[in-house]
Amino acid sequence: MRLRNSLVAAAGALLITLAVPTSAQAATGEFLYKVGPGVPAGIADPESGQCINLFGATEDHPAFAPENFTTSTATVFLDFNCDGTYYVMNPGKKLGNRLKLRSVIFS
């Protein structure tokens with residue numbers, strides 16, 4: 001009888017675990033960059049797989065000097081909407097002031 005109760009309890013726990021919806025995956029950490037004359041900006045714990053247009057970046061004045069302090073790979077794009085030329089930044093990677101960017105997506 002105890003074995004049967006244990007099996008039923010284990011099966012129930014498994015079903016509950018499978019029924020609970022999982023949250024959207026997100027990169028943990030911060031993605032930092034600069035805008036304008038060098039004003040620091042950033043994104044904390046960005047959602048993975050979603051293109052993000054960088055706040056403060058414009059057509060005339062793109063963001064620059066990205067630093068990827070997240071747990072995910074960041075792909076930075078020179079144009080808005082994750083379009084155009086891109087660079088891949090592994091976690092911990094910093095790129096210099098010469099790189100101009102307007103959008104990013106995280107793996």
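To be clear, the structure that these remarks concern was listed above.
Residues numbered from 1 in each chain as written. Predicted model: local features only at pLDDT ≥ 70, side-chain atom pairs only at ≥ 80, totals over all residues. Heavy atoms only, no water.

## Thoughts on unusual backbone geometry
The backbone phi angle of Ala 65 is positive, close to 55 degrees, even though this residue is not glycine. Summarising the element assignment, Ala 65 is placed in strand E4 (residues 63–70). At Cys 82, a position not held by glycine, the phi torsion is positive, near 50 degrees. Along the polypeptide, Cys 82 turns up in the loop between strand E5 (74–77) and strand E6 (86–89). Residue classification places Cys 82 among the buried residues on the basis of a relative accessible area of 17%. (Helix = DSSP H or I, 4+ residues; strand = E, 2+ residues; numbered from the N terminus. Buried < 20%, exposed > 50% of the residue type's maximum accessible area, 1.4 Å probe, protein only.)

## Concerning the packing of aromatic side chains
Scanning the model with the defined rule gives three aromatic pairs in all. With a centroid separation of 6.2 Å and 40 degrees between ring planes, the pair formed by Phe 31 and Tyr 33 is classed as tilted. Classification of Tyr 33 as buried rests on a relative accessible area of 3%. The structure contains a cluster of three or more aromatic residues connected by ring pairs, namely Phe 31, Tyr 33 and Phe 106. (Phe/Tyr/Trp six-rings, centres within 6.5 Å; stacked < 30°, edge-to-face > 60°.)

## Some thoughts on the sheet that holds strand E8 (residues 103–106)
With antiparallel pairing, the four strands of this open sheet are ordered in space as E3-E8-E5-E6. Of all the strands in the sheet, just strand E3 (52–53) and E6 have a single pairing partner and so form its edges. Relative to E8, E3 runs antiparallel, the two being bridged by two bridges. Of the residues in E8, the one forming a bridge with Asn 53 is Ser 103. (Pairing = 2+ DSSP bridges.)

## Describing the sheet that holds strand E7 (residues 100–101)
Sheet strands line up and pair through hydrogen bonds in the backbone, either parallel or antiparallel. In space, the four strands of this open sheet follow the order E2-E1-E4-E7, with antiparallel pairing throughout. Strand pairing shows two members of the sheet lacking a second neighbour, strand E2 (39–44) and E7, which therefore form its edges. Across five bridges, the pairing between strand E1 (residues 29–35) and E4 is antiparallel. By the bridge assignment, Gly 29 is partnered in E4 with Thr 70.

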